Amino acid sequence: MPNSALCVGLTYGDATPCALADASGMTNVASALGAGTVTLLTDVDSDVPVTREGVLASLQEMVANAEPGDTVLFSFSGMAGEGNGIALPDGTVISDVDLQTVLAELPAGANCALIMDAPVEFDFSAMGEGVGNIITMSAAAEGQYNFAGEDGGMSPFSAAVMEVMTNPDNAGISWTDAAARVQETMGPDMPEMVLNSSNPEALFEPAVPVEEAVVVDGTVVEVEVVEEPVVEEETAEVEVEVEEVPVVDKCCVEPEPVIDDCCC
């Protein structure tokens, strides 16, 4: 599970203050799922502006380094842009076409998971053969409204994703089951989230690895599974000596003479 992750959280000044908490939460999700390298991009207290070119370059680098069997994670928390895309603070937009161009380089056998806390509906089903699986989980469909967090806390969607994906009891569940649990965890009156994949069969593959790490109280804890050796009980062979006792006619036993009618 993901060998690298890119987590983007944009507040656009103070328009979506929960985005920073969302992106930080997604870094915990990435680490819990086994990401070796996690990159956080945010427009809060950063000397380097988050730009369209910068986000696409970081994503392209992850895809270029991916190998068959790897999974890369790209999460975004912020506003949707025009044309079914994600908006950047400078007013530019990363469209689904932009993402498709980058993800077309994903090698076959690799996976890319997009967790979008924004009302976007990416569809990569038209990707050609020889490209890895691209799975998208969005907080809401295009044109809908996704709820923000309160007092700078995580949004209902990001909080639910973190709860489901870091829960050790969910180890081994598929993307389909994970999405259903996220929807249930968000509670009633929440918009219907969107889940799709360039390869529908990939939705039934494990979203949460069976043996990786879990997050406890916000801290990533590595879990090492140690197989205990099977100890075979040895059966000891005990030789029992059987002493042969001679059969003696009691009529002829001394030392005390026995006077009777026997032949002695």
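Residues numbered from 1 in each chain as written. Predicted model: local features only at pLDDT ≥ 70, side-chain atom pairs only at ≥ 80, totals over all residues. Heavy atoms only, no water.

Summing up its helical and strand segments, the protein chain has five helices and eleven strands in all. Counting every position in the protein chain, which comprises 264 residues, the buried fraction comes to 42%. In the protein chain, the share of contacts with a sequence separation of at least 24, taken over all contacts with a separation of at least 6, comes to 68%. (Helix = DSSP H or I, 4+ residues; strand = E, 2+ residues; numbered from the N terminus. Buried < 20%, exposed > 50% of the residue type's maximum accessible area, 1.4 Å probe, protein only. Contact = heavy atoms within 4.5 Å.)

Keep in mind that low pLDDT regions are not for reading the predicted coordinates in detail. Model confidence for the protein chain is summarised by a mean pLDDT of 81, while 78% of its residues fall at 70 or above. Taken together, the stretch residues 212-236 has pLDDT below 50 and engages in 29 contacts with residues farther than four places along the chain or on a different chain. Overall, residues 247-264 carries pLDDT values under 50, and its contacts beyond four positions in sequence, including any with other chains, amount to four contacts. (pLDDT = per-residue confidence, 0-100.)

For strand β7 (residues 111-119), the buried fraction is high: nine of the nine residues fall into the buried class. Across seven bridges, strand β3 (residues 71-77) lies against β7 in parallel orientation. Of the residues in β7, the one forming a bridge with Thr-71 is Asn-111. Of the strand pairs in this sheet, β7 and strand β8 (residues 133-140) are connected by seven bridges, and their pairing is parallel. In the sheet register, Leu-114 faces β8, and the bridge partner there is Thr-136. (Pairing = 2+ DSSP bridges.)

This part is about the sheet that holds strand β2 (residues 37-42). Strand order in the open sheet formed by six strands is β2-β1-β3-β7-β8-β9, with mixed pairing between adjacent strands. The open sheet is flanked by β2 and β9 (194-197), the only strands paired with a single partner. Adjacent strand axes in the sheet meet at a mean angle of 10° when their direction is disregarded. Across six bridges, the pairing between strand β1 (residues 4-9) and β2 is parallel. Within the sheet, the bridge partner assigned to Cys-7 lies in β2 and is Leu-40. Each of β7, β8 and β9 touches helix α5 (residues 175-186); the most contacted strand, β8, lies at about 10° to it. (Axes fitted to C-alpha atoms, helices over the stretch in contact; angles between N-to-C directions.)

Turning next to the layout of surface pockets. Its boundaries defined by the atoms lining it, the largest pocket holds a volume of some 210 Å³. If you go around the largest pocket, you meet 16 residues; those closest to its centre are Thr-16, Gly-78, Met-79, Asn-146 and Ala-148. For the lining of the largest pocket, the secondary structure elements donating two or more residues are α1 (18-32) and β7. When the residues that make up the lining of the largest pocket are grouped by side-chain class, the tally is eight nonpolar, six polar and two charged. (1 Å grid on protein atoms, 1.4 Å probe; cavity = no way out; pocket = protein on both sides within 12 Å on 5 of 7 lines; lining within 4 Å. Points joined across faces, edges and corners; volume = space filled by probe spheres on them. Nonpolar A, V, L, I, M, F, W, Y, C, P; charged D, E, K, R; others polar.)

Because each turn of an α-helix spans 3.6 residues, side chains separated by three or four positions end up pointing in the same direction. Taken together, the buried positions of helix α3 (residues 96-103) are occupied by Asp-98, Leu-99, Val-102 and Leu-103. Within α3, the buried residues cover an arc of 125° as seen down the axis, which keeps them to one side. Of the exposed residues in α3, the ones pointing more than 90 degrees away from its buried face are Val-97 and Thr-101. On its buried side, α3 packs onto α2 (52-65), β3, β6 (93-95), β7 and β8. (Arc of directions from axis to C-beta.)

What the rule picks out here adds up to one aromatic pair. Seen from their ring centres, Phe-122 and Phe-124 are 6.0 Å apart, and the 45° between their planes marks the pair as tilted. By the burial criterion, Phe-122 is buried, and Phe-124 matches it. (Phe/Tyr/Trp six-rings, centres within 6.5 Å; stacked < 30°, edge-to-face > 60°.)

What follows covers the side chain of Thr-166. Along the chain, Thr-166 turns up in the loop between α4 (156-165) and α5. The buried category is assigned to Thr-166, whose relative accessible area is 8%. A polar contact is formed between the side chain of Thr-166 and the backbone oxygen of Met-162, at a distance of 2.5 Å. (Polar contact = N/O pair within 3.5 Å; in protein donor to acceptor, adjacent residues only side chain to side chain.)

Okay, the nonpolar core next. One finds Leu-59, Phe-74, Leu-99, Leu-103 and Leu-114 to be the most contacted residues of the largest nonpolar core, which totals 32 residues. Counting only elements with at least two residues in this core, the list comes to β1, α2, β3, β5 (85-87), α3 and β7. Take this core: its biggest share by element is five residues, from α2. Among all residues touching Leu-99, those that are not within four sequence positions of it are Leu-56, Leu-59, Phe-74, Ile-94, Leu-114, Phe-122 and Phe-124. (Core = buried A, V, L, I, M, F, W, Y, C linked by side-chain atoms within 4.5 Å.)

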